[in-house]
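Residue-level structural notes
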Amino acid sequence: MVSSASSIQSADSLTLPSNVDSSNMNATSVDVTQQETPDVMAYDSNENFTGIPNSLDSTQVAGYDSSLNVNGVSEAGNGATASTTENGVADGIGTAALHQPLDNSGLSAEEERLWSIVMTNSVDFDAWTALIEETERMSEGNILKIRKVYDAFLAEFPLCYGYWKKYADHEARLSSMDKVAEVYERAIQGVTYSVDMWLHYCVFAISTYGDPDTIRRLFERALAYVGTDYLCFPLWDKYMEYEISQNDWPRIATIYTRVLEIPNQQLDRYFEGFKELVASRPLSELRTAEEVAANSEAASQENEGELPPNSAEQSSKAVSASLKDAEELEKYIAIREEIYRKAKDSDSKIIGFETAIRRPYFHVRPLNVAELENWHNYLDFIEGGDDFNKVVKLYERCLIACARYPEYWIRYVLCMETSGSMEVAENALARATQVFIKRQPEIHLFAARFKEQHGDVHGARAAYQLVHTGISPGLLEAIIKHANMEHRLGNLEDAYSLYEQAIAIEKGKEQSQALPLLFAQYSRFVFLVSGNVDKAREILVQGVESAQLSKPLLEAMIHLESIQSHPKQIEYLDSLVDKFTVPNADNPSVASIDEREELSSIFLEFLDLFGDVQSIKKADYRHAKVFLNHRSVADSKKRHADDYLVSDRTKLAKSLISTSAPSVMGAYPSTQNQWAAGYGVQPQAWPQASQTQPQQWNPGYAQQAAYGSYGTSYTHPQAPTSVPQSASYGTYPPTYPAQAYAQPAVAAALTPGQQPTAAAPAYYPSYY
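Note on numbering: residues in each chain are counted from 1, in written sequence order. Residue-level local features of this predicted model are given only where pLDDT is at least 70; pairs of side-chain atoms are given and counted only at 80 or more, and the full residue set underlies all totals for whole chains, interfaces and linings. The side-chain quantities take in all heavy atoms of the structure and omit both hydrogens and water.

The chain has the name Suppressor of forked domain-containing protein in an unreviewed UniProt entry, where Erythranthe guttata is given as its organism. UniProt positions are given in the numbering used here, feature names are shortened, and annotations may be inferred rather than shown by experiment. What UniProt records for the chain under Subcellular location (unreviewed entry) is the sentence "Nucleus". Quoted straight from UniProt, the Sequence similarities (unreviewed entry) entry for the chain says "Belongs to the PRP39 family."

The numbering of helices and of strands both runs from the N terminus, where a helix is a DSSP run of H or I of at least 4 residues and a strand a run of E of at least 2. In terms of helices and strands, the chain carries 29 helices and two strands. Each residue is assigned to one of three classes by its accessible area relative to the maximum for its type, calculated with a 1.4 Å probe on protein chains only: buried under 20%, partly exposed between the two thresholds, exposed over 50%. Residues counted as buried form 51% of the 768 residues belonging to the chain. Taking contacts inside the chain between residues at least 6 apart in sequence as the whole, the part at least 24 apart equals 71%. Each accessible area value is a Shrake-Rupley result obtained with a 1.4 Å probe; residue values ignore everything except the protein chains displayed when judging cover. Only carbon and sulfur atoms are counted for the fraction: they give 52% of the accessible area of the chain, which is about 34,700 Å². Contacts between residues were defined by any pair of non-hydrogen atoms, one from each residue, lying within 4.5 Å.

Turning our attention to the confidence of the model for the chain. Per-residue confidence from the predictor is given as pLDDT, running between 0 and 100. Per-residue confidence for the chain averages 74 on the pLDDT scale, and 63% of its residues sit at or above 70. In this model residues 1–86 is a low-confidence stretch, pLDDT under 50, and it forms 289 contacts with partners more than four residues away in sequence or in other chains.

Our next topic: the packing of helix H8 (residues 212–226) against helix H9 (residues 233–245). The packing of two helices is summarised by the inter-axis angle and the distance between the axes. For the pair H8 and H9, the least separation of the axes is 11 Å and the interaxial angle reads 160°. By the angle between their directions, the pair H8 and H9 is classed as roughly antiparallel. Every pair of crossing elements has a handedness; the one defined by H8 and H9 is left-handed. Counted together, Pro212, Ile215, Arg216, Phe219, Glu220, Ala222, Leu223 and Val226 of H8 and Leu235, Trp236, Lys238, Tyr239, Tyr242 and Glu243 of H9 form the full contact between these two elements. To get an axis, a line is fitted to the C-alpha atoms, and for a helix only the part in contact is used. The angle between two axes follows their N-to-C directions and goes from 0 to 180 degrees. Oblique is the label for every angle not falling under 35 degrees (roughly parallel), over 145 degrees (roughly antiparallel), or within 65 to 115 degrees (roughly perpendicular). By the definition used in this description, the sense in which the near helix is turned from the far one sets the handedness, with an anticlockwise turn below a right angle giving left-handed and a clockwise turn giving right-handed.

The next subject is the nonpolar core. Among the nonpolar cores identified, the biggest contains 117 residues, and Phe153, Trp375, Cys402 and Tyr408 are the most heavily contacted of them. What is meant by a nonpolar core is a set of buried Ala, Val, Leu, Ile, Met, Phe, Trp, Tyr and Cys residues, joined one to another through side-chain atoms within 4.5 Å. Counting 45 residues, the second-largest nonpolar core is a separate cluster that includes Ile479, Leu517, Leu573 and Leu599.

This paragraph deals with helix H10 (residues 249–259). Among the 11 residues of H10, 10 are classified as buried, and the element is accordingly described as predominantly covered. Taken together, the buried positions of H10 are occupied by Trp249, Arg251, Ile252, Ala253, Thr254, Ile255, Tyr256, Thr257, Arg258 and Val259.

Glancing now at the environment of Glu272. With respect to the helices and strands, the residue Glu272 is situated in helix H11 (residues 267–280). Classification of Glu272 as partly exposed rests on a relative accessible area of 37%. Each polar contact in these results corresponds to two N or O atoms within 3.5 Å; when the atoms are within protein, one needs to be able to donate a hydrogen and the other to accept it, and residues that are neighboring in sequence are counted only if both atoms are side-chain atoms. A polar contact is formed between the side chain of Glu272 and the side chain of Lys275, at a distance of 3.2 Å.

With that settled, the discussion passes to the packing of aromatic side chains. In this analysis, rings of Phe, Tyr and Trp, with Trp reduced to its six-membered ring, are considered paired at centre separations within 6.5 Å, and the interplanar angle assigns stacked below 30 degrees, edge-to-face beyond 60, and tilted for intermediate values. Tallied over the entire structure, the rule returns 32 aromatic pairs. Residues Trp115 and Trp128 carry aromatic rings whose centres are separated by 6.1 Å and whose planes lie at 80° to one another, so their mutual orientation is edge-to-face. Residue Trp115 is located in helix H2 (residues 109–120), and its partner Trp128 is located in helix H3 (residues 125–138); the two are separated by 13 residues in the primary sequence. Through successive ring pairs, a cluster of aromatic residues spans Tyr184, Tyr193, Trp198, Tyr201, Phe204, Tyr209 and Tyr225. Note on criteria: charge over ring means Lys NZ or Arg CZ within 6 Å of the ring centre, with the direction from the centre no more than 35 degrees off the ring normal. Positioned above the aromatic ring of Tyr496, the side-chain terminus of Lys535 is 4.0 Å from the ring centre.

Here we take up the pattern of salt bridges. Where charged atoms from two side chains of opposite charge come close, those side chains can pair. Any Lys or Arg side-chain nitrogen located within 4 Å of an Asp or Glu carboxyl oxygen qualifies as a salt bridge. Tallied over the entire structure, the rule returns 39 salt bridges. Asp229 is paired through a salt bridge with Arg397; the nearest N and O atoms lie 3.4 Å apart. Of this pair, Asp229 sits in the loop between H8 and H9 while Arg397 is found in helix H16 (residues 388–401), placing the two residues 168 residues apart along the sequence. Grouping residues by exposure puts Asp229 and Arg397 together as buried. Among the salt bridges present, the one from Glu506 reaches Lys509, with a minimum N-O distance of 2.9 Å. For Glu506, a relative accessible area of 5% puts it in the buried group. With relative accessibility at 39%, the residue Lys509 sits in the partly exposed group. A single salt-bridge network, built from bridges that share partners, covers Asp213, Arg216, Glu243, Asp248 and Arg251.

Moving on: the environment of His170. Structurally, His170 is set in helix H5 (residues 161–174). Excluding anything up to four places from it in sequence, His170 contacts Glu136, Ile143, Ile146, Tyr150 and Ser175.

In structure tokens form, the structure reads like this:
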């Protein structure tokens with residue numbers, strides 16, 4: 001029995017089943033309009049692969065030392081090397097800015113307008129496609145202008161296989177075959193794991209080159225990358241079709257043997273085609289030269305030492321030879337049938353995952369939650385096996401459809417790191433940060449921590465600096481993580497400087513919403529790392545004087561006062577709380593009434609422990625005057641909504657239950673039974689704050705208490721956390737505002753009968 005195709009044949013042939021219409025495999029024009037695939041089971045060679053933002057400005061990689069050139073990954077069973085060097089980075093492609101026209105000469109007014117749009121916003125896919133159409137319409141015969149627009153577009157969207165095909169068609173029409181081949185080479189550098197891209201390149205080679213060996217080498221190169229893809233059958237079919245045209249039956253039989261060991265969508269069709277082939281051709285025509293030589297050697301060894309037969313013996317020998325041929329044919333078929341059955345067994349384990357992949361190609365539109373979860377489940381399953389090559393190939397397939405989602409890149413990097421394949425991990429991280437999701441802060445923050453963990457402090461600083469200056473200036477998450485890294489490295493003054501520089505920048509902005517948060521976090525950082533209460537208080541006072549009063553800043557001041565042993569500045573705090581909670585014409589407040597009410601409640605709790613009777617009375621009166629009416633109105637609205645929803649029977653039952661009148665204290669939210677046992681013995685927690693900054697961090701980020709348990713009993717509806725908060729010094733506090741980046745949204749549309757599902761949390765929420 002033969003366990004793999006590689007032990008039966010040479011790794012360089014394939015053939016078309018007799019039940020396949022070869023006319024369907026001819027080169028077709030590519031439709032580059034955006035369209036969905038209704039069913040993964042139906043292959044459409046004209047299907048569009050749209051792309052994603054990717055290319056990289058030179059300034060964005062200045063500080064990165066990671067290289068895109070790494071060792072490849074061997075493809076099991078074919079002897080070829082599938083180098084990840086080629087995936088996702090097209091040689092010779094720069095940014096859109098590098099490829100824009102040097103001047104506006106020869107441009108129509110519409111072209112100028114569209115160029116202006118894409119130069120301002122290089123990820124505006126619709127503007128790009130409109131620009132390409134306008135350029136093709138106005139400059140049908142000008143290959144230089146066509147090259148300019150395609151080079152610029154594909155610098156931003158190298159995953160758009162359809163536009164690579166159109167680009168090659170323009171070169172074929174207006175230039176030379178060498179230029180066409182150059183475009184195809186760039187295309188497979190940019191979208192290495194696309195079956196369709198390789199298919200079109202092979203079709204071009206068949207129509208252009210006369211040397212069969214040259215064409216076969218290209219097919220083998222393609223199969224090294226995508227030959228095991230579940231939807232790889234169009235490429236195998238084209239290879240078979242070519243060998244049939246060459247009448248090379250041993251190669252055709254060899255290709256059947258190879259494809260029968262690969263779980264793929266058309267596995268049953270290939271087995272039926274193989275059986276038709278052996279039924280229509282004698283075994284002698286199907287064996288390769290190596291197989292014939294091996295069979296002849298075995299036969300000669302059997303006949304060695306025998307005397308020449310007489311006529312009767314010759315007749316008997318002929319019958320025996322005929323029976324032996326039948327046995328060999330049966331064995332030949334049985335070996336391949338066993339290979340097919342093993343592939344079918346593997347297919348039965350993955351077909352559920354494969355059929356759930358509704359969009360295996362690139363698109364600028366977001367994927368739905370079910371498909372994203374399916375990719376995670378599929379990766380979990382394959383990672384549970386022992387085939388490293390399968391793991392790598394599936395990740396590369398996943399990162400075609402999910403290239404715009406940082407969580408899959410992060411998962412890939414961590415998986416490769418765990419397996420000891422650091423070169424593959426670094427290559428994946430470089431592609432993510434420099435090409436596919438280079439504008440998303442999350443991947444750069446992950447890259448910074450990853451580099452720090454592996455001793456590349458310079459690279460880590462460069463990643464943080466890129467976020468500070470280019471990706472998301474003022475992002476609180478980046479400032480905090482960078483400062484913490486400098487503290488770990490023993491550079492405390494540098495850590496302080498990071499906060500001070502960020503504060504200085506935000507001071508220059510009008511109505512900065514990040515400034516109060518920066519002051520609060522800087523104060524917290526100083527207190528935790530140095531224990532300098534006076535400096536921490538001074539920073540908060542500066543914040544009050546420099547920034548608009550906000551709940552996070554005032555909450556930080558209240559809690560800092562509560563945990564230090566110096567005399568409490570109750571009168572000063574009361575004046576700030578009064579200013580914040582009781583806005584007037586001279587002192588307008590942008591805070592919501594819920595925020596103001598919650599801050600007032602927190603201050604009441606503080607006074608209840610540290611204040612005197614008069615200060616408590618004053619604060620109680622202010623709270624009741626400002627918020628009691630609001631609470632009554634809110635309760636009335638809630639009761640009205642409840643009454644509207646409940647049944648008549650429930651309303652009747654409710655009317656029979658006597659209720660007590662609400663007390664004044666009942667108007668205070670979160671004021672009863674809120675103090676944790678042992679308060680005053682254990683360290684206090686930094687308060688939780690809402691975040692109004694536009695950038696947001698991954699909700700999977702673990703938020704933990706910093707000062708202890710003070711205030712952990714407060715209700716904070718504006719910033720719920722899914723991670724239990726631990727009371728320990730030095731960890732991130734619940735005040736750490738949850739920041740969410742402008743990540744790709746999840747498609748909201750559900751298929752008929754599909755139940756809505758909650759968005760899955762980040763795969764590696766605690767990768768730090």
